[in-house]
Amino acid sequence: MRAGPRAFWPALCAAAMVAGSAEAGVRYRCELLDGSERVALEDLSTRFSAAVRRCTAFEVADLPGPRIETELTSLAYARPRPSPQAWRTNPQPLALGAPHLQRMVQQASRKHGLDPRLVGALVHVESAYQTQARSPKGALGLMQIMPATGARYGVASRQDLLDPAINIDVGARYLRDLNEMFDGRVDLVLAAYNAGEGAVKRYGNRIPPYRETQDYVRKILKLYEGD
């Protein structure tokens, strides 16, 4: 099992401290996949993508005086996000997939109180809008629904799960339930959709330390946020 983002941090700190390319007066505030933040001497997101979501450069003068020495010497400063990552309101839908499939995504999203932009991004990452997609693990259709998940929502037939309208409806219902379970935290909802809600709970309501799940969340959020 892979180590979580926090386990990577000693290596990240060491890499940052010996980096010869760090500019004087410039530091990087790096957001880890578990939601915490660290200050580093270089942008670590490209070198440690399994642990770091993104880094933002800032001038040392931007930090309050009393905290500069602690933050920049130890590289151990951490704080939670200001607020949980929340669902957007009235975003522009993504122009991905065939128009009739986009309409299905929008209809199911409205029906179940979801953001069509996020659902569209998830469908793209799951199946690239291929209605007959099948995974080696047995996931089916546009939203890669496992048969057990389909049965949970009253769809026992695997063939039915390959029907685009049924598949999207089941996936949207599952996302709705995950959204309620994780209080609207989009990153945790996506992690649970990929790895299962049990995995997210086992790791203290954090993204599990699985490379596949971390990459999955990152890809969808990149589409969703328009980065």
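Above this text you will find the structure in question.
Note that this is a predicted model, so its numbers are computed, not measured.

So, how was this worked out
Residues numbered from 1 in each chain as written. Predicted model: local features only at pLDDT ≥ 70, side-chain atom pairs only at ≥ 80, totals over all residues. Heavy atoms only, no water. Helix = DSSP H or I, 4+ residues; strand = E, 2+ residues; numbered from the N terminus. Expected span 1.5 Å × (residues − 1). Buried < 20%, exposed > 50% of the residue type's maximum accessible area, 1.4 Å probe, protein only. Contact = heavy atoms within 4.5 Å. Polar contact = N/O pair within 3.5 Å; in protein donor to acceptor, adjacent residues only side chain to side chain. Salt bridge = Lys/Arg side-chain N within 4 Å of Asp/Glu carboxyl O.

1. So, helix H4 (residues 116-127)
The end-to-end C-alpha distance of H4, which contains 12 residues, comes to 16 Å, matching closely the 16 Å that a straight helix rising 1.5 Å per residue would cover. Along H4, the residues that are buried comprise Arg-117, Leu-118, Val-119, Gly-120, Ala-121, Leu-122, Val-123 and Ser-127. For H4, the elements touching its buried residues are helix H3 (99-111), helix H7 (164-181), helix H8 (186-195) and helix H10 (211-225). The distance from a side-chain oxygen at the start of H4 to the backbone nitrogen of Arg-117 is 2.8 Å, and the residue carrying that oxygen is Asp-115.

2. Brief notes about the pattern of salt bridges
Summed over all chains, the structure comprises nine salt bridges. We note a salt bridge from Glu-225 to Arg-54, for which the minimum N-O separation is 2.9 Å. Of this pair, Glu-225 sits in helix H10 while Arg-54 sits in strand S3 (residues 52-59); the two residues are 171 residues apart in sequence, bridging distant segments of the chain. The partly exposed category is assigned to Glu-225, whose relative accessible area is 23%. With a shortest N-O distance of 3.2 Å, Arg-211 and Asp-215 are connected by a salt bridge. With a gap of four residues between them, Arg-211 and Asp-215 both fall in helix H10, about one helical turn apart. A network of salt bridges, in which partner residues are shared, links Glu-31, Arg-54 and Glu-225.

Read these as geometric descriptors, not functional statements.
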